[in-house]
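Chain by chain, the residues:
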There are 4 protein chains.
Amino acid sequence: VFDIDGVLTDSTIIVDSINEYGRIMNVKDGYALQLAVKKNYNIIIISGAKNTFAAERLKKLGIKHIYTAVHNKKDLLLELSNTLSINLNDSLYMGDDMPDIEVMQLVTLPCCPLDACVDVIKIAKYVSPINGGKGCVRDVIEKVLKLNHHWE
Amino acid sequence: VFDIDGVLTDSTIIVDSINEYGRIMNVKDGYALQLAVKKNYNIIIISGAKNTFAAERLKKLGIKHIYTAVHNKKDLLLELSNTLSINLNDSLYMGDDMPDIEVMQLVTLPCCPLDACVDVIKIAKYVSPINGGKGCVRDVIEKVLKLNHHWE
Amino acid sequence: VFDIDGVLTDSTIIVDSINEYGRIMNVKDGYALQLAVKKNYNIIIISGAKNTFAAERLKKLGIKHIYTAVHNKKDLLLELSNTLSINLNDSLYMGDDMPDIEVMQLVTLPCCPLDACVDVIKIAKYVSPINGGKGCVRDVIEKVLKLNHHWE
Amino acid sequence: VFDIDGVLTDSTIIVDSINEYGRIMNVKDGYALQLAVKKNYNIIIISGAKNTFAAERLKKLGIKHIYTAVHNKKDLLLELSNTLSINLNDSLYMGDDMPDIEVMQLVTLPCCPLDACVDVIKIAKYVSPINGGKGCVRDVIEKVLKLNHHWE
């Protein structure tokens, strides 16, 4: 389970149109995500922001469960764990800011990028050596897939 | 009170349309700003540049006092302190460049990002360890709100 | 032979339009590429992604062999080595991620940027001290042209 | 006299439209340039690339002598030194790449950003501690204006 802003992006918002803002994402994260989908991992994206463009790109990578403009991430994940039969004791969540804290506490492996906020770093069980948007998602997916001999 | 360019942005101007230029802002700053507004802090934005797009985004975060294309920041802040009954002895201003210096001298806590210009760093009472646009605004707001037990 | 994403770009994808995504390229790489073309080096670009905009720019630099949306980079390079009479024992390939590995093993001088993925770094014979999109292509072209007294 | 790409920008080209490419410029450079114009310094911009958008922004800062798509920078500067009665023995040129070298040799104070190419660094008399697009132009202008008591 991944947050978008600050995890799949470098926290940047490109402010150049009044309607909706651009984001900066990473090709190496994208490679890992599409491979994980191919190997049948459940990938879930939960973002508090609208993030239409990022969601559109993540969809192209083959990800089916993308939720944006989510007000309560915890409630959504609890609901998804039921409907999708996901075992949270076998799940990883990577977030970077305050609204991620209570969701991170639901899963066995709460992770965060190196530049997450202080309170998130405190409760993470794995802090990636890589910043948000620079490959931190790639880092955790590559590690998990290699452990399971799924990294081709 | 916050400046935009170099404080809420990384001093970057995206030059790709003749009419008006894009800026790069930060999601973590945004989280802190909307929380401060919710906790009833007076947040004021004063920018010397036009900055239509940045202003639009800051408005969406709930900030009501956004002033762009300001020629004399000092006069404006003095005026606002009257009309909004703001006590400058209880105020923080974060700026990064020469036009901010005389406004910074009006408030009790003049702050700046790590990459402010030399003359601003000299007169700041707090230099954030974080660069402009990379979370320096988040840094000072998080510190103030935590001191006041307003950081959720 | 150069990959685009992560080599001629900094792995960044600018996600701000639903149709196709922007990339960030480097002027110093561009200078070296156009000079190499002028000196009659065979420059080949092979990208797994669609990369219409990057391809368009590379074309303006004078590069004739640009292949995007390539599914099997190895097959394409073997085919090109025949049709263009390129000696792979006298060739350099710079890539940064998993799909580049089997192509890199075809050439005498497999190279990569400093921020290539771990498995690519392992098999590279030259790891540039420069990251993707920050001048790593310039670095290898400048080195080769200087050795051959072609760097004006 | 300043080059654009790699000096007034961070060498970045934003490749997201087929027609012409965006650049990333710096607000602190802009502040210094408009101040130098106000204090009656001759500011000249010479770029080998088309750079329509950057030129447009520099014009808004009050700069009158902006030359883009220049094939021979040396010939142009020699011509300008006549028509504008500029003394090259009293001039500064900041460039970052090979086409700047022969122009740099015309002036008394050839400068470059920290991340200029090796051959430019070799012939520069002042290497700014700051990279292109990150305030290197600000650095040299601030130094010159402070020496002349023109930095307000």
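Just so you know, these numbers come straight off a predicted model, no measurement behind them.

Cut-off values and rules
Residues numbered from 1 in each chain as written. Chains lettered and ligands numbered in written order. Predicted model: local features only at pLDDT ≥ 70, side-chain atom pairs only at ≥ 80, totals over all residues. Heavy atoms only, no water. Least-squares fit on C-alpha atoms with pLDDT ≥ 70 in both. Helix = DSSP H or I, 4+ residues; strand = E, 2+ residues; numbered from the N terminus. Buried < 20%, exposed > 50% of the residue type's maximum accessible area, 1.4 Å probe, protein only. Pairing = 2+ DSSP bridges. Contact = heavy atoms within 4.5 Å. Patch = residues over 30% accessible without salt bridge, like charges linked within 9 Å, V, L, I, M, F, W, Y side chains within 5 Å. Areas by Shrake-Rupley, 256 points an atom, 1.4 Å probe, with all protein chains shown as cover. Salt bridge = Lys/Arg side-chain N within 4 Å of Asp/Glu carboxyl O. Lys, Arg positive; Asp, Glu negative; His and termini not counted. Charge placed at Lys NZ, Arg CZ, Asp CG, Glu CD. Buried area = accessible area lost by both parts, 1.4 Å probe. Polar contact = N/O pair within 3.5 Å; in protein donor to acceptor, adjacent residues only side chain to side chain. Nonpolar A, V, L, I, M, F, W, Y, C, P; charged D, E, K, R; others polar. Right-handed = clockwise from strand over helix to strand, strands pointing away.

K.L.:
I'd love a proper account of the relation of the copies chain B and chain A, names of residues and values included.
P.N.:
With an RMSD of 0.0 Å, the fit of chain B onto chain A corresponds to turning through 90° and sliding 0.0 Å along the axis. Expressed as an axis order, the relation between the two copies is that of a four-fold axis. Nearest to the rotation axis, the C-alpha of B:Ile14 is located 6.3 Å from it, this being the minimum over chain B.

K.L.:
Before we move on, could you go through the environment of B:Leu145 and cite the residues and values that matter?
P.N.:
All names here are of chain B. Residue position: leucine 145 is located in helix α6 (residues 136-147). The exposure class of leucine 145 is buried, given its relative accessible area of 1%. For the pair leucine 145 and lysine 39, spaced 106 residues apart in sequence, the C-alpha to C-alpha distance is 8.8 Å.

K.L.:
Describe the sheet that holds strand β5 (residues 92-94) of chain A, with residues and values.
P.N.:
Residue and element names in this part refer to chain A. Pairing is parallel in the open sheet, where three strands are placed in the order β5-β6-β7. Sheet topology places β5 and β7 (126-127) at the edges, where each strand pairs with a single neighbour. Bridging between β5 and strand β6 (residues 109-112) involves three bridges; their strand directions are parallel. When the sheet's bridge partners are listed, leucine 92 is paired in β6 with leucine 109.

K.L.:
Go over the relation of the copies chain D and chain C, please, and point to the residues and values.
P.N.:
After a rotation of 90° and a shift along the axis of 0.0 Å, chain D superposes on chain C with an RMSD of 0.0 Å. Take the interface residues of chain D: only 5% of them recur as interface residues in chain C, which is what a contact between different surfaces looks like.

K.L.:
Account for a negative patch on the surface, with residues named and values stated.
P.N.:
On the surface, A:Asp75, A:Glu79, A:Glu102 and B:Glu152 cluster together to form a negatively charged patch. Structurally, A:Asp75 can be placed in helix α3 (residues 73-83). The class of A:Asp75 is partly exposed, set by a relative accessible area of 46%.

K.L.:
Run through the interface of chain B and chain A, naming residues and quoting values.
P.N.:
Contact residues are listed per partner, giving 19 residues for chain B and 20 residues for chain A. Taking both partners together, chain B and chain A bury about 1,700 Å²; carbon and sulfur atoms supply 57% of that area. Together, B:Val27, B:Lys28 and B:Phe53 form the three largest contributors to the area buried by chain B at its contact with chain A, with a combined 33%. One salt bridge connects A:Asp119 with B:Lys146, and the closest N-O pair in it is separated by 3.0 Å. Connecting chain B to chain A are 10 residue pairs in polar contact (both at pLDDT 80 or more). Broken down by secondary-structure element, the contributors of at least two residues to the side of chain B that touches chain A are β2 (23-26), α1 (27-38), α2 (52-60) and α6 of chain B. Among the elements that line the side of chain B that touches chain A, the one with the most residues is α2(B), at five residues. Across the side of chain B that touches chain A, the residue classes tally to eight nonpolar, two polar and nine charged.

K.L.:
Explain the arrangement of the chains to me, using residue names and the numbers behind them.
P.N.:
There is a clear gap between chain B and chain C: no contact, and 12 Å between their nearest C-alpha atoms. Kept free of each other, chain A and chain D leave a smallest C-alpha distance of 12 Å between them.

K.L.:
I'd like a description of the pairing of strand β6 (residues 109-112) of chain C, backed by residues and values.
P.N.:
A regular strand carries its side chains on alternate faces of the sheet. All names here are of chain C. Judged from the two bridges that link them, β6 and strand β7 (residues 126-127) form a sheet pairing that is parallel. In the strand pairing of β7, cysteine 112 is matched with valine 127. Crossover β6 to β7 through helix α5 (residues 118-123) is right-handed.

K.L.:
Can you tell me about the pairing of β2(B), naming the residues and giving the values?
P.N.:
Of the two faces of β2(B), both are covered, the one formed by B:Arg23 and B:Met25 as well as the one formed by B:Ile24 and B:Asn26. Looking at chain direction, strand β1 (residues 12-15) of chain A and β2(B) are connected through four bridges and run antiparallel. Bridged to A:Ile13 within β2(B) is B:Met25.

K.L.:
Which residues make up the environment of B:Leu88, and what are the values?
P.N.:
Residue and element names in this part refer to chain B. Inspection of the secondary structure assignment puts leucine 88 in the loop between α3 (73-83) and β5 (92-94). Leucine 88 gets classed as buried once you look at its relative accessible area, which sits at 12%. Sequence separation of leucine 88 and leucine 109 is 21 residues, and the distance between their C-alpha atoms is 9.1 Å. Once you skip the residues sitting within four places of it in the chain, leucine 88 turns out to touch Leu77, Leu78, Ser81, Leu106, Val107 and Thr108.

K.L.:
Describe the interface of chain D and chain C, with residues and values.
P.N.:
Opposite the 20 residues of chain D that make contact, chain C presents 19 residues. Buried surface at the junction of chain D and chain C, both sides included, amounts to about 1,700 Å², of which 57% is carbon and sulfur. Seen at the junction of chain D and chain C, the total is three salt bridges. In this structure, C:Lys28 engages D:Asp96 in a salt bridge whose closest nitrogen and oxygen atoms are separated by 2.9 Å. Counting every contact that joins chain D to chain C gives 10 residue pairs in polar contact (both at pLDDT 80 or more).

K.L.:
Can you lay out helix α2 (residues 52-60) of chain D for me, pointing to particular residues and giving the numbers?
P.N.:
Working note: α-helix, 3.6 residues per turn, so residues spaced by three or four point in the same direction. When we look at burial in α2(D), the residues that qualify are D:Phe53, D:Ala54, D:Ala55, D:Arg57 and D:Leu58. At its buried positions, α2(D) is contacted by β1 (12-15) of chain B together with β2 (23-26), α1 (27-38), β3 (44-46) and β4 (65-67) of chain D. One or two residues past the end of α2(D) sits D:Gly62, with phi positive at roughly 100°.

K.L.:
With reference to specific residues and values, describe the pattern of salt bridges.
P.N.:
In this structure the tally under the stated criterion is 45 salt bridges over all chains. Taking the shortest distance from any N to any O, the salt bridge between A:Asp5 and A:Arg23 comes out at 2.6 Å. In this pair, A:Asp5 sits in the segment before β1 while A:Arg23 sits in strand β2 (residues 23-26), placing the two residues 18 residues apart along the sequence. Of the two residues, A:Asp5 and A:Arg23, both sit in the buried class. Among the charged side chains, a network of salt bridges with common partners joins A:Asp97, A:Asp119, A:Lys122, B:Arg138, B:Glu142 and B:Lys146.

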